[in-house]
Amino acid sequence: MGMNRPITIGRIDYANAWPLFHELEDRVEWNRYEVIKRVPSELNRLLQAGELDVSAISSFSYGQNADDYMLLPHLSVGSIGKVNSILLFLKEPLERKRPERIALTATSATSVNLLKILMTLRFECEPEYVTAEPVLEKMLETSDAALIIGDQAIQASWQNHGLHVIDLGQLWNEWTGLGMTYAVVAARREAVTAAPDAVQAVYHAIKASKQYNKMHLRPLIEQACSQLGGDSAYWNMYFHSLQYDFDSKLQEGLKLYFDYSKQLGLLAKQVELTFFEDQSAQKVKE
Ligand SMILES: C=C(O[C@@H]1C=C(C(=O)O)C=C[C@H]1O)C(=O)O
């Protein structure tokens, strides 16, 4: 047992994940580890390839690889209603004209499939989808609508571009009555088998970061204002509206999303949510 190399941790390179990862490095009680910061689609690829051991990933990517992964409990990025950073920008309102071609950001997996579910089942609309770099003006040169996520979506929402904007978290919530989880934190089962103590240490560090950051949002809000723009009222609202705990209500929303994904052939199999067992919690129970 054990690992002859550092345990590798992937963190999402968007503000939405700061409350999980800000100052994580100060909390990892494991001597050798490495933190890698990337956009979600890149983290999805690295965890799948075994180049990461534990990572925040798109929840859709968990659905694709559930046999190889375990979810770290009580960790997520989700929303019940508006998410504010997963936005469809349309040249014409959806009620007036169904888009024929939609450009999808190359950085996402959950949101692009969420959009496909909503378009097909909610609006009975089957547009052509094209993947593109998340640059709104460029995407709209050749498409009727564009989906972007994360910091770029937030910044685009502040511009006065005259486009119609749909928040996918809000649309999902109005349609299903449920919340949606866009990102989860997963460990490779191989890593759990080879180095359970290292995975446990990383899990505790992310949980401790989340607990601390939720009570101390001020430095995150200040960092967001200076790095990304906007004012503290905006970032206060943003961090407070995101759901980081993956409680049973949010799990219910994600299960429905996986069921629809299976129904539409976006996922090959039914998905089970399998959780890493917190060893220290076990010990306390005994
Ligand atoms: C809230 C967000 O959640 C995210 C959306 C993801 C996806 O669509 O695959 C993955 C991780 C999160 O960053 C966001 O990016 O704005």
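Here is what the cut-offs are and how they apply
Residues numbered from 1 in each chain as written. Predicted model: local features only at pLDDT ≥ 70, side-chain atom pairs only at ≥ 80, totals over all residues. Helix = DSSP H or I, 4+ residues; strand = E, 2+ residues; numbered from the N terminus. Buried ≥ 20, exposed ≤ 12 C-beta atoms within 10 Å, placed from the backbone. Near = placed C-beta within 6 Å. Nonpolar A, V, L, I, M, F, W, Y, C, P; charged D, E, K, R; others polar. Domains from an automatic or database assignment. Contact = placed C-beta atoms within 7 Å. Axes fitted to C-alpha atoms, helices over the stretch in contact; angles between N-to-C directions. Parallel < 35°, antiparallel > 145°, perpendicular 65-115°, else oblique. Left-handed = near helix turned anticlockwise from the far one by under 90°. Pairing = 2+ DSSP bridges. Core = buried A, V, L, I, M, F, W, Y, C linked by C-beta atoms within 7 Å.

1. A word on unusual backbone geometry
And then number 1: Positioned with a positive phi, Glu124 is a non-glycine residue whose angle comes to about 45°.
And then number 2: Position of Glu124 relative to the elements: it lies in the loop between helix 4 (110–122) and strand 7 (128–132).
And then number 3: The phi dihedral of Phe246 is positive, around 50°, even though this residue is not glycine.
And then number 4: By the secondary structure assignment, Phe246 is in the loop between strand 11 (242–243) and helix 12 (248–263).
And then number 5: The exposure class assigned to Phe246 is buried, which follows from the 25 C-beta atoms found within 10 Å.

2. Focus on the site of the ligand
And then number 1: What surrounds the ligand is a group of 18 residues, the closest being Ser58, Ser85, Ser108, Ser111 and Tyr182.
And then number 2: Here the shell around the ligand is built from residues that sort into 11 nonpolar, seven polar and no charged.
And then number 3: Two domains each provide a minimum of three residues to the shell around the ligand, namely domain 1 (7–78 + 180–285) and domain 2 (86–176).

3. Here we look at the domain arrangement of the protein
And then number 1: Split by domain assignment, the protein resolves into domain 1 (7–78 + 180–285) and domain 2 (86–176).
And then number 2: If you average the C-alpha positions of domain 1 and of domain 2, the two centres end up 24 Å apart.
And then number 3: In this complex, domain 1 contributes 23 residues to the contact, which on the side of domain 2 involves 21 residues.
And then number 4: Elements with a contribution of two residues or more to the side of domain 1 that touches domain 2: helix 2 (40–48), helix 3 (59–65), strand 10 (180–188) and helix 12.
And then number 5: Residue classes in the side of domain 1 that touches domain 2 are distributed as 13 nonpolar, 10 polar and no charged.

4. Considering the packing of helix 4 against helix 7 (residues 168–176)
And then number 1: Viewed as axis vectors pointing N to C, helix 4 and helix 7 meet at an angle of 45°, and their least axial separation amounts to 11 Å. Taken together, the axes of helix 4 and helix 7 lie oblique to each other. Remark: the crossing between helix 4 and helix 7 carries left-handed chirality. Across the interface between the two elements, Ser111, Leu114, Leu115, Leu118 and Arg122 of helix 4 pack against Leu168, Leu171, Trp172 and Trp175 of helix 7.

5. Things to note about the environment of Ala15
And then number 1: In this fold, Ala15 is placed in the loop between strand 1 (7–12) and helix 1 (18–21).
And then number 2: Sequence separation between Ala15 and Leu228 is 213 residues, and the spatial gap between their C-alpha atoms is 8.9 Å.

6. Topic: the sheet that holds strand 3 (residues 54–58)
Hydrogen bonding along the main chain pairs the strands of a sheet, whether they run parallel or antiparallel.
And then number 1: Read across the sheet, six strands follow the order 2-1-3-10-4-11 without closing on themselves; strand pairing throughout is mixed. What marks the edges here is a single partner per strand, and that holds for strand 2 (33–38) and strand 11.
And then number 2: The pairing of strand 1 with strand 2 spans six bridges and is parallel. Bridging across to strand 2, Thr8 finds its partner in Glu34.
And then number 3: Across the sheet, helix 2 lies against strand 1, strand 2, strand 3 and strand 10, angled at about 130° from strand 3, the strand it touches most.

7. Observations concerning the sheet that holds strand 5 (residues 86–90)
And then number 1: If you trace the five strands from one edge of the open sheet to the other, you get 7-6-8-5-9, paired in mixed fashion. At either end of the open sheet lies a strand with only one pairing partner, and these are strand 7 and strand 9 (164–167). Here the strands of the sheet are splayed against their neighbours by 25° on average, with no regard to which way each runs.
And then number 2: Two elements, strand 5 and strand 9, share four bridges in a ladder whose sense is antiparallel. By the bridge assignment, Leu88 is partnered in strand 9 with Ile166.

8. Let's talk about the packing of helix 10 (residues 218–228) against helix 11 (residues 232–241)
Geometrically, a packed helix pair is captured by the angle between its two axes and the distance between the axes.
And then number 1: Remark: helix 10 packs on helix 11, axes separated minimally by 9 Å, with the N-to-C direction vectors making an angle of 125°. Classed by the angle they form, the pair helix 10 and helix 11 counts as oblique. Every pair of crossing elements has a handedness; the one defined by helix 10 and helix 11 is right-handed. Listed contacts from helix 11 to Leu220, Ile221, Ala224 and Cys225 of helix 10 are Ser232, Trp235, Asn236 and Phe239.
And then number 2: Of the residues in the contact of helix 10 with helix 11, the class split is six nonpolar, two polar and no charged.

9. Here's the deal with the nonpolar core
One recurring pattern in soluble globular proteins is that nonpolar side chains are buried together.
And then number 1: Membership of the largest hydrophobic core comes to 84 residues, with the highest contact counts inside it found for Ala186 and Val202.
And then number 2: Considering each element in turn, this core owes the most residues, seven residues, to strand 10.
And then number 3: Two domains share this core, each providing at least three of its residues, namely domain 1 (7–78 + 180–285) and domain 2 (86–176).
And then number 4: When neighbours within four sequence positions are excluded, Val202 is seen to be in contact with Ile7, Ile9, Val28, Trp30, Tyr33 and Val54.

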